[in-house]
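The chain contents come next:
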Amino acid sequence: MMDSLYIAWKYLSFSKARTATLVACVTLIAVLPLALQLLLAESERQLLSRAESTPLLLGAPGSALDLVMNGLYFDDEVPELISMAAVDAVAASGLATPIPLYVRFKARRFPIVGTTLDYFDFRGLTVTAGRQLALLGECVVGAEVAERLGITAGDSLLSSPETVFDLAGVYPLNMKVAGVLARSHTPDDLAVFVDIKTAWVVQGLVHGHQDVTRTQDAGVIIEQTDDNVIANARLVEYTEINPGNIDSFHFHGTPDDYPLSAVITVPRDEKSATILRGRYLDGDSGYQLVVPGTVIDGLLANIFRIKHMLDAVILVVAVATGLALVLVFALSIRLRQREIQTVFRIGGSRLTIARLLAAEITLIVLVSGVLCAIALLLVHQYSDELVRTLVIR
Amino acid sequence: MTYRSLAWIAAISLLLMGSFVMAEEKPVIYTVNYPLQYFAQRIAGEQADVTLPVPAGIDPAFWQPDAGTVIAFQQADLVLLNGAGYAKWVSRVSLPRRKLVDTSAGYRDRYLQAEEAVTHSHGREGGHSHSGVAFTTWLDFTLAVEQARAIAAALSRLRPAAKDVFERNFSVLEQDLLALDSQVREIVAVDPDNSLLASHPVYQYFKRRYGLNLTSVMWEPDVAPEAAQWSELRQLLKLHPSNWMVWEGNPNPESVTGLRGLGVDSLVFDPCGNRPVDGDFLSVMQQNVQNLKRAF
Amino acid sequence: MIEIDALEFSYPDAGFHLRIPGFSMAAREKVAVIGPSGSGKTTLLNLVAGILVPRQGRVHCAGTEVSVLADAARRDFRISTIGFVFQDFELLDYLNVLDNILHPYRITRALQLTAEVRDRAGSLAEQLGIGDKLKRGVEQLSQGEKQRVAICRALLPGPQLVLADEATGNLDPRNKGHILELLFETVASHEATLLAVTHDHELLPQFDRVVDFNDFRVGAA
């Protein structure tokens, strides 16, 4: 058998194009369904574990899926916004702990997640380098963000404008990186966390500038009355918060009206959860309170339906490929008729020919198997990320 | 059962008890001003460590903690806030919401506007910046009682086992505060129309509660007023004749002499926002009351 | 060495019929077979080698009656007794020179590929003047060199009988003589017998004996 393998190997390495094509076909047809299976298992793991560890999510009425994808996986699609009043309402009910989320802006393509310190306790996130958020304008970054951007505690990170032509004229905020979070293998690794108030600074709702009520620079003032000064757009707002200017940062309007994308709602117990859900079931409440686990179950059901369809397609393709491979071998036997004849005359038998072909198939399958294993290992290695880019984004 | 297994059981029980004791360690309570620290200390007694990290001599209302101090606040079991916009730094740092106790939240509808504040807006369509809310709430002693009550409730939630102690201590504190309240009311009742000046606009709640006829200027106790301020005062005295100026702290002699020349005497009513050099909140307030009596 | 008696053979459907009343060859004899195309010269070689089986008559070769052996036995006989040299060399283009020479050892269990065999392959290639080309691919060789490789492959197992089917047919005139000379030398040094089918009448004088196929009756049955 070793000799057959040797000759087969020589033949395969001689006819490289044919061999490569065969190996590619066999590898692809093996890798496709397995990789798909791996990715689905991973997305199920990621989606479900995250969803199941988030009891309730409060947001504006609309797509529950958008709300969950944004609130749990920091998806780009921003749901309708709600206001800070929702947090107060949940807190006032005494039934649950509200954790506000404002997931809308980005810093170098990573989502900026505005929240409160309660989020870190809730998700069990700890700081490995540097320290927790303390002052306005600081951020803590997920492990993956730190690694990919090569930043650590003490560096700074610039928020990105929401659109290229940001007409509102919101200045990017240069955030100070206070700390780096321990890796959690969740979307938290890929997020930039800021205090909810800092998120409003990014949006320009909270900002700092020279004191216009005392300024001597008439150029920045449109109109001055006894109790209010109207400033114009020439007034320069600070793009960085430091000990020298932090005092000047202030709110405009009512903080209750400040925007949020969702509120993670952690009920005290089962009963509180039921009461809360009952309260927000009412269509007039202006909110929807969803159970992320249920929403994600629905999504997974759809994904699996698609997967079954894909499986069927892959099966058909596999059969077609199999037939094509049989044809390729049959043709190659005809092409090698003279060689086979010579083998017969030298003293080989039909069995010899069969052994040679078997050795060829074995080698092709072996090489494909190795390639398949490598591909699957790679998929497995990066499944975390692949799922995030393919399924969640 | 062998001795060895008994020893094991004993060891494990000790460990369990140890962890129980650990869990029941004294809670750490951080506060943003001295009145809250004082109330919390009175209510908690030996059951908690109450900290006010503001250095002496600095008005806690206008203090800005560094990051390290903010982290200490984050790690406390409770953070007592005054509310009413007191200590603006609170809105510029990250604190865990569930540890925060806004002691004046119960009477949010009774907040007063700071009369001197000027807001600003960006463009004609823009929302106004936050106008100032007056924050020296505790000088209305009934409001101080409300704040103390909120502290007692928060402590009871934190350590339900010590609820009785907290409630008992609160009752005593309430008595003290209400005694101050009735003393002030009695003093003011002698001459309700008595016209007073205040060196600084910090007495809004005090004025409302006790029905004082009080107008504020913007003088600092330790800074001699400029000529412009003197002429402003003379204008004011024409509209609002008064014989007494109420100071937050001991006024400098130059101001006192100058005022006396205008027929205005000085008295100190210390809001006691930070730790006093001598005595405590109660003794400072009692001294305040004694000082106030001179004007009536 | 070879005894053929009253042999009759025909391909089914092909309308080809070969009859050889008698033919014999002594050991170490070098015999050339000539005759027109389609006269059955290659068929004769295949009958002697046991690749084809006669309908009637007897083929006796190297002390074995080939015509009565079973399939597997005829294969073993062929491996142990016969070396084949073909007109088109029939080398495998995906193997290098050495692997082509060793090819018979890799496709049958009857031959054991030992270190001794490899050594022998080396010296035989040396003898045939291709000792420095063992690692070359066969497509890099000239026609003459290819036939030397084929001769090397045929003779390495030490056959008693070498069957050459137009071994010089694809060579230029200068090479023809040279290769034939080499073939004679190698066959002689291996003490083997040579039965060669050829068209090259100018080479005939070098053979011990020439058999003309016109002497046998060939044609439609």
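Shown above is the structure to which this text applies.
These lines cover the structure that appears in this document, whether it is placed above or below.

Calculation notes
- Residues numbered from 1 in each chain as written.
- Chains lettered and ligands numbered in written order.
- Predicted model: local features only at pLDDT ≥ 70, side-chain atom pairs only at ≥ 80, totals over all residues.
- Heavy atoms only, no water.
- Patch = residues over 30% accessible without salt bridge, like charges linked within 9 Å, V, L, I, M, F, W, Y side chains within 5 Å.
- Areas by Shrake-Rupley, 256 points an atom, 1.4 Å probe, with all protein chains shown as cover.
- Salt bridge = Lys/Arg side-chain N within 4 Å of Asp/Glu carboxyl O.
- Helix = DSSP H or I, 4+ residues; strand = E, 2+ residues; numbered from the N terminus.
- Buried < 20%, exposed > 50% of the residue type's maximum accessible area, 1.4 Å probe, protein only.
- Pairing = 2+ DSSP bridges.
- Polar contact = N/O pair within 3.5 Å; in protein donor to acceptor, adjacent residues only side chain to side chain.
- Axes fitted to C-alpha atoms, helices over the stretch in contact; angles between N-to-C directions.
- Contact = heavy atoms within 4.5 Å.
- Phe/Tyr/Trp six-rings, centres within 6.5 Å; stacked < 30°, edge-to-face > 60°.
- Lys NZ or Arg CZ within 6 Å of the ring centre and 35° of its normal.
- Buried area = accessible area lost by both parts, 1.4 Å probe.
- Nonpolar A, V, L, I, M, F, W, Y, C, P; charged D, E, K, R; others polar.

## So, a nonpolar patch on the surface
Residues and elements named next belong to chain A.
Phase 1: Together, W9, L366, V367, V370, L371, I374, L378 and Y382 give the surface a local cluster of nonpolar side chains, amounting to about 760 Å² of exposed area.
Phase 2: Of note, I374 is situated in helix α11 (residues 350-381).
Phase 3: Exposure remark for I374: the relative accessible area of 43% places this residue in the partly exposed category.

## Brief notes about the pairing of strand β7 (residues 161-165) of chain C
All names here are of chain C.
Phase 1: Where burial is concerned, most of β7 is hidden: five out of the five residues are buried.
Phase 2: Here β7 shows a buried face lined by L161, L163 and D165 and a second buried face lined by V162 and A164.
Phase 3: Here strand β6 (residues 82-85) runs beside β7; their pairing, made up of four bridges, is parallel. Across the sheet, residue F84 finds its bridge partner in β7, namely L163.

## Side note on helix α3 (residues 64-73) of chain A
Residues and elements named next belong to chain A.
Phase 1: The buried fraction of α3 amounts to seven of the ten residues, a majority that puts the element mostly inside the structure.
Phase 2: Three or more residues of α3 are buried, namely L67, V68, M69, N70, G71, L72 and Y73.
Phase 3: The N-terminus of α3 is capped by S63, whose side-chain oxygen sits 3.3 Å from the backbone nitrogen of L65.
Phase 4: Looking at the residues trailing α3, positive phi occurs at F74, about 55 degrees.

## Quick look at the sheet that holds β6(C)
All names here are of chain C.
Phase 1: Read from one edge to the other, the open sheet built from five strands follows the order β6-β7-β8-β3-β9, with strand pairing classed as parallel. Each of the sheet's edge strands pairs with one partner strand only, and the pair in question is β6 and β9 (209-212). Within the sheet, the average angular offset between the axes of one strand and its neighbour, ignoring direction, is 20 degrees.
Phase 2: When β7 meets strand β8 (residues 193-197), the two strands line up parallel, connected through five bridges. From the neighbouring strand, V162 faces β8, where its bridge partner is L194.
Phase 3: Across the sheet, helix α2 (residues 71-81) lies against β6 and β7, angled at about 75 degrees from β6, the strand it touches most.

## Some details on the packing of aromatic side chains
Phase 1: Enumeration over the complete set of coordinates arrives at 29 aromatic pairs over all chains.
Phase 2: Considering the side-chain rings of F120(A) and F193(A), the 5.4 Å spacing of their centres and the 70 degrees angle between planes classify their relative orientation as edge-to-face. Of the two residues, F120(A) is situated in helix α5 (residues 118-123) and F193(A) in strand β9 (residues 192-195); the sequence distance between them amounts to 73 residues. Accessibility classification places F120(A) together with F193(A) in one group, the buried group.
Phase 3: Centre to centre, the rings of Y203(B) and F206(B) are 6.2 Å apart; their planes meet at 55 degrees, and the pair counts as tilted.
Phase 4: Joined through ring pairs, the aromatic side chains of F141(B), Y203(B), F206(B), Y210(B) and F269(B) make up one cluster.
Phase 5: Its end group placed over the ring of Y11(A), R336(A) keeps NZ or CZ at 3.5 Å from the ring centre.
Phase 6: K30(C) extends its terminal NZ or CZ atom over the ring of F184(C), reaching a point 5.3 Å from the ring centre.

## Focus: the arrangement of the chains
Phase 1: With two pairs of chains in contact, the largest contact count belongs to chains A and B.
Phase 2: Between chain B and chain C there is no contact, and the shortest C-alpha to C-alpha separation is 72 Å.

## Concerning the interface of chain A and chain B
Phase 1: Tallying the contact residues gives 38 residues for chain A and 26 residues for chain B.
Phase 2: Carbon and sulfur atoms make up 53% of the surface buried where chain A meets chain B, a total of about 2800 Å² over both sides.
Phase 3: Linking chain A with chain B are three salt bridges.
Phase 4: Between D88(A) and R97(B) there is a salt bridge whose closest N-O contact spans 3.0 Å.
Phase 5: Our count for the contact surface shared by chain A and chain B stands at nine residue pairs in polar contact (both at pLDDT 80 or more).
Phase 6: Ranked by residue count, the leading element in the side of chain A that touches chain B is strand β12 (residues 228-231) of chain A, at four residues.
Phase 7: Classifying every residue of the side of chain A that touches chain B by side-chain character gives 19 nonpolar, eight polar and eleven charged.

## Some points on the pattern of salt bridges
Close approach of charged atoms allows side chains of opposite charge to pair.
Phase 1: What the rule picks out here adds up to 37 salt bridges over all chains.
Phase 2: Measuring nitrogen to oxygen at the nearest pair gives 3.1 Å for the salt bridge that ties D88(C) to R338(A). Placement of D88(C) in the loop between β6 and α3 (97-107) and of R338(A) in helix α10 (residues 337-346) is noted, with the two residues assigned to different chains.
Phase 3: Between R149(B) and E174(B) there is a salt bridge, and its shortest N-O distance comes to 3.5 Å. Of the two residues, R149(B) sits in helix α4 (residues 141-158) while E174(B) sits in helix α5 (residues 163-190), which places them 25 residues apart along the sequence.

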